Structures are given as C-alpha cells and as structure tokens.
Amino acid sequence: REAVRRAEEEAEWLQELQNQEDCELYEQYLLGGVPCPLCGTGRLERREGELCCTTCMEMRVPLLDEGLSLEDISEHLGIAEDRHRQAGCCSRALFQMSDRSG
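These remarks concern the structure in this document. For clarity, every value in this text was computed on a predicted model and none was experimentally measured. (Residues numbered from 1 in each chain as written. Predicted model: local features only at pLDDT ≥ 70, side-chain atom pairs only at ≥ 80, totals over all residues. Heavy atoms only, no water.)

**As for the state of the cysteines**
And then number 1: Applying the stated criterion to the full structure yields zero disulfides.
And then number 2: In this structure Cys 39 is not part of a disulfide, and its nearest cysteine sulfur, from Cys 53, lies 3.7 Å away.
And then number 3: Judged by its relative accessible area of 30%, Cys 39 falls in the partly exposed class. (Disulfide = S-S within 2.5 Å. Buried < 20%, exposed > 50% of the residue type's maximum accessible area, 1.4 Å probe, protein only.)

**Some thoughts on the sheet that holds strand β2 (residues 50-53)**
And then number 1: With respect to topology, three strands assemble into an open sheet ordered β1-β2-β3, the strand pairing being antiparallel. Both outer strands of the open sheet, β1 (44-47) and β3 (60-62), are each paired with one neighbouring strand and no more. Ignoring strand direction, the axes of neighbouring strands in this sheet form an average angle of 25 degrees.
And then number 2: Its contacts with the sheet put helix α2 (residues 70-86) on β1 and β2, and the angle it makes with β1 is roughly 135 degrees. (Pairing = 2+ DSSP bridges. Helix = DSSP H or I, 4+ residues; strand = E, 2+ residues; numbered from the N terminus. Axes fitted to C-alpha atoms, helices over the stretch in contact; angles between N-to-C directions. Contact = heavy atoms within 4.5 Å.)

**As for the layout of surface pockets**
And then number 1: Considered as a void within the structure, the largest pocket measures approximately 340 Å³ in volume.
And then number 2: Lining the largest pocket are 18 residues, and of these Leu 51, Met 59, Val 61, Ile 73 and Leu 77 lie nearest its centre.
And then number 3: Counting residues per element, the ones that place at least two in the lining of the largest pocket are β3 and α2.
And then number 4: Top contributing element to the lining of the largest pocket by residue count: α2, with four residues.
And then number 5: Looking at the lining of the largest pocket, its residues break down into 15 nonpolar, two polar and one charged.
And then number 6: Each pocket or cavity is described by its volume, and for the second largest pocket that value is around 220 Å³.
And then number 7: Contributing to the lining of the second largest pocket are Val 34, Pro 35, Cys 36, Pro 37, Gly 40, Ser 74, Leu 77, Gly 78, Glu 81, Arg 92 and Phe 95.
And then number 8: Here the residues of the lining of the second largest pocket are counted per class, giving six nonpolar, three polar and two charged. (1 Å grid on protein atoms, 1.4 Å probe; cavity = no way out; pocket = protein on both sides within 12 Å on 5 of 7 lines; lining within 4 Å. Points joined across faces, edges and corners; volume = space filled by probe spheres on them. Nonpolar A, V, L, I, M, F, W, Y, C, P; charged D, E, K, R; others polar.)

Nothing here speaks to function; it is geometry throughout.
In structure tokens form, the structure reads like this:
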C-alpha cells in the first residue's frame with residue numbers, strides 16, 4: 001500500500017510540474033515575437049543597428065544586414081536548433097555570446 005501511495009504522489013507531482021511548464025510555455029507563446037536565444041524570456045528587437053533582447057543585456061549583436069527581418073532571424077535560429085537535434089542531441093540548444101569570430 002505504501003508503494004502505491006508513493007507512486008500516486010509522485011504521479012501527481014509530475015503532473016503538476018508538467019502543468020507549470022505548459023503554462024510557462026503558453027505564456028511565452030502569448031507574448032509573440034522572437035524569443036531571445038540566450039535568456040529565453042525576453043524578445044528580440046532591432047535597436048540602433050543591433051539585435052537586442054528586451055530583458056537581458058548579454059544579447060547585443062550588430063546587424064550586418066539591415067534588410068534582415070525578425071522573421072528571417074527567427075527562421076535562422078530555428079534552423080540552428082533543427083541542426084542541433086539532427087546531430088543527435090535531445091537537449092535544447094544552448095546559445096552563448098562570444099567575442100571570438102570565425
């Protein structure tokens with residue numbers, strides 16, 4: 001009986017955790033725009049020739065192509081994540097800022 005009770009409690013806990021994650025994902029969806037690949041919370045926007053995040057200060061990238069739309073940027077980020085998965089990794093892609101080039 002004790003094992004069944006523990007299993008039920010664990011199932012309830014996992015269901016609540018999944019519900020919280022689903023709610024957070026839905027709230028992100030409602031925000032619209034392109035999520036920041038660094039913090040995942042803010043949204044990308046164009047500011048004075050740079051691609052910036054509305055939340056974190058780390059996301060500041062010079063836009064070399066002023067004609068590049070946020071939709072294009074979103075598509076490129078999606079392609080990068082797809083390639084990450086195709087390489088066999090089931091974890092979410094992790095983006096980082098670096099001063100190095102090349």
